[in-house]
Amino acid sequence: MTITRTNVDALNAVVTVGVSKEDYADKVQKVLDNYRKNASIPGFRKGAVPMSLIQKQYGKAVLLEEVNKLLQEKLNTYLTEEKLDILGNPLPKVSDDFNWDADDFQFDFELGLAPEFQVDLAAKNNITQYKIIADEKMLNDQIERIQKQYGKLIAKDTVEEGDDLNVTFSNDENGINHSTSITLDVFKDKKTAKKFIGKKVGDVVEVSTKGLFDDDHKLMDYLKVDHDLVHGLDITVHVQINGITTSEKAELNQELFDKLFGAGVVSSVEEVKAKIKEDAEKQFAQQADQKFLNDVTEFLLESTKFDLPAEFLVKWLQTAGEKELSAQEAQEEFERSERGLRYQLIEGKVMTENNLQITFDDLKAYTSELIKKQMAQFGQLNPTQEDIDGIVARVMSNQDEVRRLSEQVMSEKMLTLFKEKIKAKSKEVSYEQFVKEMYGE
């Protein structure tokens, strides 16, 4: 067998494989001999079927199979030895005048080559690495929520600000009749909320659905209106007050502290705030890290320029999946997946250049910590190492789980690397400020 490569350009090549009769003849003959030994054809004893009949019936199929095996083996070996970094898989070039009756064959395969490029993690950028703090306002608000949550519900006769209302929204003409619980701050317009102040159980307030909530989709929840009707709905609905309650806040005492964190863990409001702050900022750090990763991804996609063998990839996509795609469908699929492919190449380059690898010990340690956290959520604070090791072993026997966990471990390694290499500015913000900056509000 012979194999040669012709580079069309920096991103495309054609590999030509020459197969001669001496490469496949013995293999084909061996298979046909086995067929002859086992063939059961009427009129002939088993093992006595003429080879000419075996050749006529099975020869072409066996030839195709054995030649294709040789091709795959030779191609795979060639790509490995030449260390070619290809995208997709080699595509055979179909020739209309190909002749399987010849002794020698020549096969051409198109290759899409991965582009050469550099990733500059130290390049100038506008990325901000946020540190989100739980400020005093957030801590006080959380303390108040806890007091309400653990407080007593008291029935009332008259509506005041901050009360919880059980109401029925109704409009006979439009078939609306739905009971639900609301607080007055759910209404977009403060004038609408003021209509309820001073009202008593049994009173009815008329409101317009137009602009009633900050999002028209909330009409689906509170009035049970179909999605097709909510946009621009402008009708009058009656709101009957069925019940009024308020919360008598729980006292900030040791009994409440023990309910929240366990007996004797905290003993003062300041310690409660410190505990809330610690837990909140752990969650905030995850959100800040995710935004940082997203921003780095966008930065690398924008700053790392390279071409792709687009025409080849579109052609490859037509036959790569379970269902064959038309040229148009493949083009659309390529456009949808191009950014993801580009980032995969960038990520692979970063991993290679910085020798980022996942060891078995990395995966085992990460899985162990994950299991400890999950067990703690269910109150198992001191599991034995034997229990943890047993669960880790079961998890890591599942290849899908191993793949998913490996991606998480590598994501953490990439995050650590980016924090070291990316020259981002640091900014300390409250969670409210972070949300505003994240969504541009």
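Here the structure is a predicted model, which means the values were calculated and not measured.

Criteria and thresholds
Residues numbered from 1 in each chain as written. Predicted model: local features only at pLDDT ≥ 70, side-chain atom pairs only at ≥ 80, totals over all residues. Heavy atoms only, no water. 1 Å grid on protein atoms, 1.4 Å probe; cavity = no way out; pocket = protein on both sides within 12 Å on 5 of 7 lines; lining within 4 Å. Points joined across faces, edges and corners; volume = space filled by probe spheres on them. Helix = DSSP H or I, 4+ residues; strand = E, 2+ residues; numbered from the N terminus. Nonpolar A, V, L, I, M, F, W, Y, C, P; charged D, E, K, R; others polar. Core = buried A, V, L, I, M, F, W, Y, C linked by side-chain atoms within 4.5 Å. Buried < 20%, exposed > 50% of the residue type's maximum accessible area, 1.4 Å probe, protein only. Contact = heavy atoms within 4.5 Å. Phe/Tyr/Trp six-rings, centres within 6.5 Å; stacked < 30°, edge-to-face > 60°. Lys NZ or Arg CZ within 6 Å of the ring centre and 35° of its normal. Pairing = 2+ DSSP bridges.

Draft legend 1. Layout of the layout of surface pockets. Computed from the structure, the largest pocket encloses a volume of approximately 900 Å³. Lining the largest pocket are 21 residues, with Lys282, Gln283, Gln286, Leu370 and Lys373 sitting closest to its centre. Of the residues forming the lining of the largest pocket, the biggest block, 10 residues, is contributed by helix α8 (residues 269–303). Considering only residue class, the lining of the largest pocket consists of 7 nonpolar, 6 polar and 8 charged. Each pocket or cavity is described by its volume, and for the second largest pocket that value is around 440 Å³. Lining of the second largest pocket is provided by 18 residues; of these, Glu161, Gly162, Thr183, Leu184 and Asp185 occupy positions nearest its centre. The set of elements that each furnish at least two residues to the lining of the second largest pocket consists of α4 (190–194) and β10 (236–248). Ranked by residues supplied to the lining of the second largest pocket, first place goes to α4 with 3 residues. The class makeup of the residues in the lining of the second largest pocket is 4 nonpolar, 4 polar and 10 charged.

Draft legend 2. Quick look at the nonpolar core. By size, the foremost hydrophobic cluster in this structure holds 33 residues, and its most contacted members are Leu121, Leu300, Ile346, Val350, Phe418 and Ile422. In this view, Phe418 contacts Leu121, Phe292, Leu293, Val296, Leu300, Tyr343 and Val350; residues no more than four positions away in its chain are not counted.

Draft legend 3. Representation of the packing of aromatic side chains within the structure. Tallying each qualifying case throughout the model produces 15 aromatic pairs. With centroids separated by 5.4 Å and ring planes inclined at 15 degrees, the aromatic side chains of Phe187 and Phe196 adopt a geometry described as stacked. We note that Phe187, like Phe196, is buried. Between Arg342 and the ring centre of Phe306, over which it is positioned, the NZ or CZ distance is 4.9 Å. Over the ring of Phe117 we find Lys349, and its NZ or CZ is 5.5 Å from the ring centre.

Draft legend 4. Examining the pairing of strand β5 (residues 128–133) more closely. Residue alternation in β5 divides its side chains into a buried set, Thr128, Tyr130 and Ile132, and an unburied set, Gln129, Lys131 and Ile133. For β5 and strand β11 (residues 425–430), the ladder comprises 6 bridges, and the chain directions are parallel. Directly across from Tyr130, in β11, lies its bridge partner Lys427.

Draft legend 5. Main features of the environment of Ser170. Mapped onto the elements of the fold, Ser170 is located in strand β7 (residues 164–171). For the pair Ser170 and Thr236, spaced 66 residues apart in the sequence, the C-alpha separation amounts to 9.0 Å. Filtering out sequence-adjacent residues up to four positions away, Ser170 remains in contact with Ile176, Asn177, Val237 and His238.

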